[in-house]
Amino acid sequence: MENTLIITVENCNFYYGTYRALTDVTMGFERNRVTALIGPSGCGKSTLLRLLNRMNDLIDNTRVEGRIFFEGTDIYGKEVDPVEIRRRIGMVFQKPNPFPKSIYNNITYGPRLMGVKKKSDLEALVEESLKQAVLWDEVKDILGRSAMTLSGGQQQRLCIARALAMKPDVLLMDEPTSALDPISTAKIEELIEALKKELTIIIVTHNMQQAARISDRTGFFYLGRLIEYDDTAKIFTNPQVKQTEDYITGRFG
Amino acid sequence: MTADPFRITLRRRYRSERIFFLTLRLAVLLIGLVMLAIFGYIFANGYRAISWEFLTTPPSDSMTKGGIMPAIVGTFYLTVGAVAFALPIGVACAVYLTEYARQGTFVRLLRIGINCLAGVPSVVFGLFGLGFFVVFLKFGSSILSGALTLGALILPTIITAAEEAIKAVPQTFREASLALGVSKWRTVSRIVLPTALPGILTGSILGIGRAAGETAPIMFTAAAFFTARLPSSIFDEVMALPYHVYVLATAGTAIEETRPLQYGTVLVLAALVAGINLFAVLIRGYMRRGKRW
Ligand SMILES: Nc1ncnc2c1ncn2[C@@H]1O[C@H](COP(=O)(O)OP(=O)(O)O)[C@@H](O)[C@H]1O
Ligand SMILES: [Mg+2]
């Protein structure tokens, strides 16, 4: 059981100033699975996600209690470099945020800084990442063009490709399709399905059908607490807690 | 037809709006006219003095004849030197203030100080330059001292402009880079600064114009009354356009006779500043290609 969990969160509290956004969260994330985090907005889903790759460090005046282990290392331990954590735990944001650079340079930006220099290596990486993100066929002839000229859905897939080019072990996705049209959304769901062979995906979503379609495990959050966490099929067919049932049947939220 | 109160208020509002816009238009027109008058006046009085010889020879006959070439060269060196000094330091300062410093009382005080510095009369900078660069650091009256003094003068402008430009870089760009496992310093140097650079240049353009045009800061630190030869090192004194105008217009024996030379010099100075600005605008446009977000 132990080594199937790539990340474990133990008794975590999180504070923005004096406001407690997460209360006593304990959960484990399984390797090579898709875990969905659902719950009404403001319940702390993004906060938890950003705790996992230490993005919350960037916000002043915040505090973490409890422990989070990634492959057995306490990521909030003193000797841990958050930069290294973020390299191994990638992130895709709600709004596509490509750099104002070419498509090619968006993807090679990270790997170059990691020391990948050879042109052929970089080109192979670009092709591989774009294929994984189901974007290759659309952009293979316009790699030199500014990423800003792509459509929203393409930009989001580019951001996914950019994250994948760093070869992360985990990919965090914060409502990656909430700003996209149905076709782009379908493409991203499809690529998530394919990706889980290679890495672990933790996705926040507002869309319950999406959670049901793509995830293996689902955690339901409410007011900063993890209310219920189980196999997705179970959460959606036979929830154990009344709040979960109310939420997935649309009775609140 | 009965009086419709709604109609009446509407009409009243249109009228006040029209008056408001008319006032704005008049203000713009007035500014335009003043600008046109100044440039027209300078041009009308100065263009006859301009010739190839005027631009390429040093003054002669106790500066009542000849050209202004050493002053053009001097102003060019001083301005470029000032920017070369102030731009890196100003940008570094802005990066520190916006990206690294903990926003608190200390940073607030620092900002107030910088804003005060921007309002300090330029002659104060001139005296500072004399005391510090010329005498204390023993740079003498030289291009180096003058450029450093002018640099100090435009530093607040550049810091403020750079801060604005850096703050305008979307937070999402920083997040995207940091989330890839790129360090903060590299995020700043590879993403934030390149994105902010066009904006930084825009702000610096103001500084360039100011550095080229100021007289007081270079009077004690760099400017020579007259020297026919061109500087051979940064420790040489130089002539400078604004100071040359000042000298011709106040200190010569033939103030009236040299009026055309004075206007000619002013025209060249205005053209030089316009030229440097144009250059900066062109680089900015070039750098902005494909960088809209
Ligand atoms: N930077 C912040 N500063 C202060 N409070 C925040 C910040 N970000 C989020 N919060 C608060 O924390 C709570 C959880 O937010 P979030 O994790 O974004 O919720 P979710 O992603 O589930 O919608 C909300 O009440 C929100 O207002
Ligand atoms: Mg959120």
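Residues numbered from 1 in each chain as written. Chains lettered and ligands numbered in written order. Predicted model: local features only at pLDDT ≥ 70, side-chain atom pairs only at ≥ 80, totals over all residues. Heavy atoms only, no water.

Considerations on the overall build of chain A
- Helix and strand content of chain A: 10 helices and 10 strands.
- Taken against the 2.2 N^0.38 rule, which gives 18 Å for 253 residues, the C-alpha radius of gyration of chain A at 18 Å falls within 12% of a compact globule.
- Relative to its full complement of 253 residues, chain A shows a buried share of 56%.
- Taking the intrachain contacts of chain A between residues at least 6 apart in sequence as the baseline, contacts between residues at least 24 apart amount to 66%. (Helix = DSSP H or I, 4+ residues; strand = E, 2+ residues; numbered from the N terminus. Rg over C-alpha atoms; globule rule 2.2 N^0.38 Å. Buried < 20%, exposed > 50% of the residue type's maximum accessible area, 1.4 Å probe, protein only. Contact = heavy atoms within 4.5 Å.)

Overview of a positive patch on the surface
All names here are of chain B.
- Judged by side-chain charge, R7, R11, R12, R15 and R18 come together as a positively charged surface patch.
- Within the secondary structure, R12 sits in helix α1 (residues 5–46).
- Judged by relative accessible area, R12 falls into the exposed class, the value being 53%. (Patch = residues over 30% accessible without salt bridge, like charges linked within 9 Å, V, L, I, M, F, W, Y side chains within 5 Å. Areas by Shrake-Rupley, 256 points an atom, 1.4 Å probe, with all protein chains shown as cover. Salt bridge = Lys/Arg side-chain N within 4 Å of Asp/Glu carboxyl O. Lys, Arg positive; Asp, Glu negative; His and termini not counted. Charge placed at Lys NZ, Arg CZ, Asp CG, Glu CD.)

Brief notes about the pattern of salt bridges
Residues and elements named next belong to chain A.
- A complete count under the given rule lists 25 salt bridges over all chains for this structure.
- Residue R33 is joined to E30 by a salt bridge in which the shortest nitrogen-to-oxygen separation is 3.2 Å.
- Classification of R33 as partly exposed rests on a relative accessible area of 34%.
- Its salt-bridge partner being K234, residue D230 comes within 3.3 Å of it at the nearest N-O pair.
- Residue K234 is classed as partly exposed on the basis of its relative accessible area of 34%.
- A cluster of three or more residues bridged by salt bridges with shared partners is formed by E30, R33, R217, D230, D231 and K234.

Some details on the nonpolar core
- Grouped together as the largest cluster of nonpolar side chains are 41 residues, with contacts concentrated most on I68, L78, L150, I154, I218, L241 and V268 of chain B.
- When residues of this core are traced back to their parent elements, those giving at least two are α3 (69–100), α4 (105–119), α6 (143–167), α8 (184–213), α10 (241–250) and α11 (259–288) of chain B.
- Sorting elements by how many residues they give to this core places α6 of chain B first, with eight residues.
- Ignoring any residue separated from it by four or fewer positions in sequence, one finds I68 of chain B in contact with F54, T57, L241, H244, T265 and V268 of chain B.
- By size, the runner-up hydrophobic cluster in this structure holds 40 residues, among which are I38, V126, L180 and I248 of chain A. (Core = buried A, V, L, I, M, F, W, Y, C linked by side-chain atoms within 4.5 Å.)

Here we look at the pairing of strand β6 (residues 89–92) of chain A
Residues and elements named next belong to chain A.
- Neither face of β6 is open: one carries I89 and M91, the other G90 and V92, and all of them are buried.
- Of the pairings in the sheet, the one linking β6 to strand β7 (residues 170–174) comprises four bridges and is parallel in character. Directly across from I89, in β7, lies its bridge partner V170. (Pairing = 2+ DSSP bridges.)

With respect to the state of the cysteines
- Taken as a whole and assessed by the stated rule, the structure comprises zero disulfides over all chains.
- Looking at C43 of chain A, it has no disulfide partner, and the nearest cysteine sulfur is the one in C12 of chain A, 16 Å off.
- Note on C43 of chain A: relative accessible area 3%, which makes it buried.
- For the unlinked cysteine C116 of chain B, the closest cysteine sulfur is that of C93 of chain B, found at 15 Å. (Disulfide = S-S within 2.5 Å.)

A closer look at the pairing of strand β4 (residues 62–70) of chain A
All names here are of chain A.
- Pairing of strand β1 (residues 5–16) with β4 involves eight bridges; the strand directions are antiparallel. By the bridge assignment, Y16 is partnered in β4 with T62.
- Inspection of the sheet shows β4 paired to strand β5 (residues 73–74) by two bridges, in the antiparallel sense. In the strand pairing of β5, F69 is matched with D74.

Considering the sheet that holds β5 of chain A
All names here are of chain A.
- The antiparallel open sheet is built from four strands, whose spatial order is β2-β1-β4-β5. Here the strands that pair on one side only, and so sit at the sheet edges, are β2 (19–30) and β5.
- Each of β1, β2 and β4 is contacted by helix α1 (residues 45–52), which is oriented at about 60° to β2, the strand it contacts most. (Axes fitted to C-alpha atoms, helices over the stretch in contact; angles between N-to-C directions.)

Describing the interface of chain B and chain A
- Contacts between the two partners involve 20 residues from chain B, matched on the other side by 22 residues from chain A.
- Each partner contributes to the roughly 1,900 Å² buried at the junction of chain B and chain A, and carbon and sulfur atoms together form 66% of this total.
- Three residues stand out in chain B for area buried against chain A, namely E175, A179 and L180 of chain B, and they jointly supply 31% of the buried area on that side.
- Summed over the shared surface of chain B and chain A, the result is one salt bridge.
- Ionic pairing is found between R50 of chain A and E175 of chain B, a salt bridge with its closest N-O pair at 3.2 Å.
- For the pair chain B and chain A, the number of links is four residue pairs in polar contact (both at pLDDT 80 or more).
- Residue assignment for the side of chain B that touches chain A shows that the elements contributing at least two residues are α7 (171–179) and α8 of chain B. (Buried area = accessible area lost by both parts, 1.4 Å probe. Polar contact = N/O pair within 3.5 Å; in protein donor to acceptor, adjacent residues only side chain to side chain.)

Considering the sheet that holds strand β10 (residues 225–231) of chain A
Residues and elements named next belong to chain A.
- With respect to topology, six strands assemble into an open sheet ordered β6-β7-β8-β3-β9-β10, the strand pairing being mixed. The two strands at the open ends of the sheet, each matched to only one other strand, are β6 and β10. On average, each strand axis in the sheet is inclined to that of its neighbour by 15°, with strand direction left out of account.
- Across five bridges, β7 lies against strand β8 (residues 200–204) in parallel orientation. Pairing of L171 across the sheet is with I201, part of β8.
- The sheet strands contacting α1 are β3 (34–38), β6, β7, β8 and β9 (217–222), and the helix crosses β7 at an angle near 155°.

A few points about the environment of V92 of chain A
Residues and elements named next belong to chain A.
- Relative to the assigned elements, V92 resides in strand β6.
- Note on V92: relative accessible area 1%, which makes it buried.
- Taking C-alpha positions, V92 is 17 Å from I38, a pair spaced 54 residues apart along the chain.
- Among all residues touching V92, those that are not within four sequence positions of it are Q156, C159, I160, A163, L171, L172, M173, D174 and P176.

What about the site of ligand 1?
All names here are of chain A.
- Around ligand 1 sit Y16, Y19, A21, S41, G42, C43, G44, K45, S46, T47 and I59, and those are all the residues in its vicinity.
- Contact between ligand 1 and C43: an oxygen atom at 3.3 Å from a main-chain N or O atom of the residue.
- T47 is positioned with one of its side-chain polar atoms (N or O) 2.4 Å from an oxygen atom of ligand 1.
- Bound to the protein, ligand 1 loses 62% of the 560 Å² it would expose on its own.
- In terms of residues, the shell around ligand 1 owes the most to one element, α1, which gives three residues.
- Broken down by class, the residue content of the shell around ligand 1 amounts to five nonpolar, five polar and one charged. (Near = heavy atom within 4 Å. Nonpolar A, V, L, I, M, F, W, Y, C, P; charged D, E, K, R; others polar.)

Nothing here speaks to function; it is geometry throughout.
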